[in-house]
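# An overview of the molecular structure
Here's the letter readout for the chains.
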Amino acid sequence: MGTLDGKVAIVSGSGRGIGREIALKLASEGARVVVNDLDAEPAGETVAAVEAAGGQAVSCVGSVTEEGFAERFVQTAVDEFGGLDIIINNAGYTWDSVIQKMTDEQWDAILDVHLKAPFRILRAAQPVIAAAVKQTKAAGEPVPCRKVVNISSLAGTGGNAGQANYSSGKAGILGLTKALAKEWGRYNVTVNAVAFGLIKTRLTETPAGTGGTIDVQGKEIKVGVNPNLLAAMEQMVPLGRGGTPAEAAGAVYLLCIPESDYVSAQTLVCGGGFNI
Ligand SMILES: NC(=O)c1ccc[n+]([C@@H]2O[C@H](COP(=O)([O-])OP(=O)(O)OC[C@H]3O[C@@H](n4cnc5c(N)ncnc54)[C@H](O)[C@@H]3O)[C@@H](O)[C@H]2O)c1
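About the cut-offs
- Residues numbered from 1 in each chain as written.
- Predicted model: local features only at pLDDT ≥ 70, side-chain atom pairs only at ≥ 80, totals over all residues.
- Heavy atoms only, no water.
- Pairing = 2+ DSSP bridges.
- Helix = DSSP H or I, 4+ residues; strand = E, 2+ residues; numbered from the N terminus.
- Axes fitted to C-alpha atoms, helices over the stretch in contact; angles between N-to-C directions.
- Contact = heavy atoms within 4.5 Å.
- Phe/Tyr/Trp six-rings, centres within 6.5 Å; stacked < 30°, edge-to-face > 60°.
- Buried < 20%, exposed > 50% of the residue type's maximum accessible area, 1.4 Å probe, protein only.
- Polar contact = N/O pair within 3.5 Å; in protein donor to acceptor, adjacent residues only side chain to side chain.
- Near = heavy atom within 4 Å.
- Nonpolar A, V, L, I, M, F, W, Y, C, P; charged D, E, K, R; others polar.
- UniProt positions renumbered as here; feature names shortened; annotations may be inferred.
- Expected span 1.5 Å × (residues − 1).
- Bend = angle between axes of the 7 residues up to and from the residue.

### Examining the sheet that holds strand β4 (residues 86-89)
The seven strands are arranged β3-β2-β1-β4-β5-β6-β9 in an open sheet whose pairing can be described as parallel. For this open sheet the edge positions go to β3 (56-59) and β9 (267-270), each flanked by a neighbour on one side alone. Along the sheet, successive strands turn relative to each other by an average axial angle of 20°, direction set aside. Judged from the eight bridges that link them, strand β5 (residues 146-153) and strand β6 (residues 189-196) form a sheet pairing that is parallel. Looking across to β6, one finds that R146 is bridged to V189. Sitting on the sheet, helix α2 (residues 40-52) touches β2 (32-35) and β3, and the angle it makes with β3 is about 170°.

Right, here's the structure in full:
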């Protein structure tokens, strides 16, 4: 028996890093998971890992920023698994510059992936959730608690130099989280955010300036953190280290379990004790 038996979850950006661990954790607790990523290969790899561990998952490949993606993502959950109980808005990347060098393209791309895409996914989920709640009530059954967890960052809670676009997107999603917690309380949906500190994934592990790039729909985007800065950051963390993707997924999981059914509109900081 898993804590999430019978639940259906969608997890954006779950082909790698934290999202992958979230998909694996939710599936290991019995949820059936729709895995998403930009490319088929990492998404398929996560689906295979879930299945190898005895869970159920399907993939829904594509960019969360594409027109029509949100509806397709939600519909995949309905068509493949018959409902939608847990929504994790995790997909994203960084594209850093100081403000005087930041282009409109950089600004728009990061706001699109971290704020507009979650908004669209949640908007697409509303009719599905409202209809399910109506049906449950008509049958005289108790409405189950559904969960939304939006992924933010300490850059969103405290701001980060060189990340005006990312900090704005990650702060914006906290506003979306709070507004939707108020709108969706009537559907018995809790809406929370997890703000990560330093988590060891390709976004942070790649040494800056070593040519480390990620491919976002054919565009090469520099990622990585200066190793000296990374070491300094780790020293500032009370636990003395960056977190693992599995530890990051653990924080998200806490907001998906029945024990957190009366926790909503909150931001859980997952930063090893470091906060700004
Ligand atoms: N790693 C950290 O220290 C850290 C800290 C704070 C917040 N975060 C946030 O956590 C989330 C996950 O980041 P991560 O560190 O696991 O990065 P990651 O690069 O390891 O994984 C992110 C995944 O999202 C996918 N993705 C990116 N853009 C997408 C799009 N448009 N459509 C679909 N998929 C897309 C990528 O292909 C990748 O597989 C992001 O929202 C990130 O901003 C990370």
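More follows now that the structure is in view.
### Some words on the packing of aromatic side chains
Evaluated as defined, the whole model comprises two aromatic pairs. Each ring, one from F69 and one from F73, has its centre 5.0 Å from the other, and the planes form 35°; the classification is tilted. Taken together, the residues span about one helical turn, with F69 and F73 both in helix α3 (residues 69-81) at a distance of four residues. Exposure class is identical for F69 and F73. Each is buried.

### Looking at the side chain of Q163
Tracing the chain through its elements places Q163 in the loop between α5 (154-158) and α6 (164-184). At 2.9 Å, the side chain of Q163 forms a polar contact with the side chain of N160. Apart from residues lying up to four places away in sequence, Q163 is in contact with T94, D96, S97, A155 and S168.

### Remarks on the site of the ligand
Of all residues adjacent to the ligand, which total 29 residues, the nearest are D37, N90, Y166, T201 and R202. The backbone of I18 places a nitrogen or oxygen atom 2.8 Å from an oxygen atom of the ligand. Its residues assigned to classes, the shell around the ligand comprises 12 nonpolar, 13 polar and four charged.

### Looking at the UniProt feature "domain: Ketoreductase" (unreviewed entry) in the protein
According to UniProt, the feature "domain: Ketoreductase" (unreviewed entry) maps to residues 7-187 in the numbering used here. For residues 7-187, the helix share is 55%, the strand share is 13%, and the end-to-end C-alpha distance is 16 Å.

### Observations concerning helix α4 (residues 104-138)
Given a rise of 1.5 Å per residue, 35 residues ought to cover 51 Å, and the 49 Å separating the end C-alpha atoms of α4 matches this to within 8%. Along α4, the helix axis deviates most sharply at D112, where the bend reaches about 45°.

### Here's the deal with unusual backbone geometry
Its identity as a non-glycine residue notwithstanding, N188 has a phi of 60°, on the positive side. Turning to its location among the elements, N188 is positioned in the loop between α6 and β6. Residue classification places N188 among the partly exposed positions, given a relative accessible area of 29%. A positive phi angle, close to 65°, is found at A265, a residue other than glycine. Among the structural elements, A265 can be located in the loop between α9 (245-254) and β9. Overall, the relative accessible area of 28% leaves A265 in the partly exposed class.

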